[in-house]
Structures are given as C-alpha cells and as structure tokens.
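Remarks on the overall topology
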Amino acid sequence: MADESLFDFLHMEIVSHVYKEQQNSKGEMDNKDRAVCVSVLESMGFRVGQGLIERLTRDSPSFKDELDVMKFVCKDFWTKVFRRQVDNLRTNHQGTYVLQDNKFSLLTQLSSGKQYLDQAPKYLAFSCGIVRGALSNLGMDSVVTAEVSVMPSCKFQVVIQKL
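Looking at an unreviewed UniProt entry, the chain carries the name Trafficking protein particle complex subunit 6B, with the source organism given as Dicentrarchus labrax. Looking at the Function (unreviewed entry) heading of the UniProt record, one finds this comment for the chain: "Component of a transport protein particle (TRAPP) complex that may function in specific stages of inter-organelle traffic. Specifically involved in the early development of neural circuitry, likely by controlling the frequency and amplitude of intracellular calcium transients implicated in the regulation of neuron differentiation and survival."

Where helix H2 (residues 31-56) meets helix H5 (residues 120-137), the closest approach of the two axes is 6 Å, and the angle between their N-to-C directions is 40°. Between H2 and H5, the interaxial angle falls into the category oblique. Crossing handedness for the pair H2 and H5: right-handed. Residue-level contacts link Val38, Leu41, Glu42, Met44, Gly45, Phe46, Val48, Gly49, Gln50, Ile53 and Glu54 of H2 to Lys122, Ala125, Phe126, Cys128, Gly129, Ile130, Arg132, Gly133, Ala134, Ser136 and Asn137 of H5. Tallied by class, residues from the contact of H2 with H5 come to eleven nonpolar, seven polar and four charged.

Quick look at the nonpolar core now. In this structure, Leu99, Phe104, Leu107, Leu135, Phe156 and Val158 are the most contacted members of the largest nonpolar core, which totals 40 residues. Within the residue set of this core, elements represented by two or more residues are helix H1 (2-26), H2, helix H3 (66-82), strand E2 (96-101), helix H4 (105-108), H5 and strand E4 (154-160). Take this core: its biggest share by element is ten residues, from H5. Excluding anything up to four places from it in sequence, leucine 99 contacts Met70, Cys74, Trp78, Val86, Asn88, Leu89, Cys154, Lys155, Phe156 and Val158.

Side chains carrying opposite charge are able to pair once their charged atoms draw close together. Taken as a whole and assessed by the stated rule, the structure comprises five salt bridges. In this structure, aspartate 8 engages arginine 83 in a salt bridge whose closest nitrogen and oxygen atoms are separated by 3.3 Å. With aspartate 8 in helix H1 and arginine 83 in the loop between H3 and strand E1 (88-91), the pair connects residues that are 75 residues apart, well separated along the chain. Taking the relative accessible area as the measure of exposure, aspartate 8 reaches 8% and is therefore buried. Exposure remark for arginine 83: the relative accessible area of 29% places this residue in the partly exposed category. One salt bridge in this structure joins aspartate 101 and arginine 84, with 2.2 Å as the shortest N-O distance. Placement of aspartate 101 in strand E2 and of arginine 84 in the loop between H3 and E1 is noted, with a sequence separation of 17 residues between them. Judged by its relative accessible area of 0%, aspartate 101 falls in the buried class. Residue arginine 84 is classed as partly exposed on the basis of its relative accessible area of 25%. Among the charged side chains, a network of salt bridges with common partners joins Arg84, Asp87 and Asp101.

Cut-off values and rules
Note on numbering: residues in each chain are counted from 1, in written sequence order. Residue-level local features of this predicted model are given only where pLDDT is at least 70; pairs of side-chain atoms are given and counted only at 80 or more, and the full residue set underlies all totals for whole chains, interfaces and linings. Excluded from the side-chain calculations are hydrogens and water; all other atoms, namely the structure's heavy atoms, are used. UniProt positions are given in the numbering used here, feature names are shortened, and annotations may be inferred rather than shown by experiment. Orientation is described by lines fitted to C-alpha atoms, with helices fitted over the stretch in contact, and by angles between N-to-C directions that extend from 0 to 180 degrees. Secondary structure elements follow DSSP: runs of H or I no shorter than four residues count as helices, runs of E no shorter than two count as strands, and numbering proceeds from the N terminus. An angle below 35 degrees is treated as roughly parallel, one above 145 as roughly antiparallel, one from 65 to 115 as roughly perpendicular, and anything else as oblique. Throughout, a crossing is termed right-handed when the near helix is turned clockwise from the far one, and left-handed when it is turned anticlockwise from it by less than a right angle. By the convention used here, residues are in contact when the closest approach between their heavy atoms is within 4.5 Å. We call Asp, Glu, Lys and Arg charged. Ala, Val, Leu, Ile, Met, Phe, Trp, Tyr, Cys and Pro are nonpolar, and the rest, Gly among them, are polar. By nonpolar core is meant a set of buried Ala, Val, Leu, Ile, Met, Phe, Trp, Tyr and Cys residues that side-chain atoms within 4.5 Å join together. Classification of residues uses two cut-offs on accessible area relative to the type maximum, computed with a 1.4 Å probe and protein chains only: under 20% is buried, over 50% is exposed, and between them is partly exposed. We count a salt bridge whenever a side-chain nitrogen from Lys or Arg sits within 4 Å of a carboxyl oxygen from Asp or Glu.

Following this line, the structure appears as structure tokens:
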C-alpha cells in the first residue's frame, strides 16, 4: 500500500518538476513548450519501461508472436507497473492495439468525471513511454498514444511499426 502511494506521489512530482522547469526557463508556456515537457516525460518513461521489462522477462520463455507480447504486457507487465490488469485489449490484427484501463492508477488521484480532463495528457506521457520502452526492448518499435474521455478511464493505442 505504501509503495503504491510513493510511486503515485513521485510520478506527480516528476510531472510537476518538468513543467515548472520549462516554465521557469520560458516564462509563459505555449503549445511548443508543453510538447517539450511531454517529450521529456515520455523519454523518461521509455528508459524506465526498458529496464522494467528486462527484469520481468529475465526468466520468461520467448514469445511466439506480436499478440503474445501484447498479452504479456496487458497482464503481467501492467500488473507489476500499475497494480492491475488492463480491462480490455483489442486489435485489428494489423499492428494496432487498444488497451483500455477503466481505473488507471495514475489518474485516479486527479479526479473522476471531466473536471481535470485538460490536465490528463501530461500525466499520461510517462506511462506511454513506459509501454513504448517495454515493447522496444521486446523487439517491437511502436508509437503509443493515450486518450481520456472520462477520468480515470484511459485508452492507450499502440501502433506497431513494421520494418
């Protein structure tokens, strides 16, 4: 229980710090500055995701295919990182996956409903990076985006880049 709170608070402070640093250097923030903050948070998450998946798959057998990797991410990896499994995994069998979490742990502290909907993207950038970093270490280059229509429900869209 304490570990969960520590991670939640650390995440909120990291987001706050990145945004304050950008604002202190520029004064007023515009869309370009916000994009820089999102990029910084996403790259931090990328590195964390790489390290976590390396540790979690150390004793696992190799995966058969792309869908097998995504199932592992949705069940085992998601549980270790966000303390619950993904509620729903959908795919078009052409490299696009949608992971839905109806009680995403990093958004439950903010609000329920639509009150802070405009603040949600900055709290999702790190998580998108974690997923992208994990998939990268499993040999899958991807683009991960997140969308929120009602908090704390969140949909992550993963598009696998074909070489």
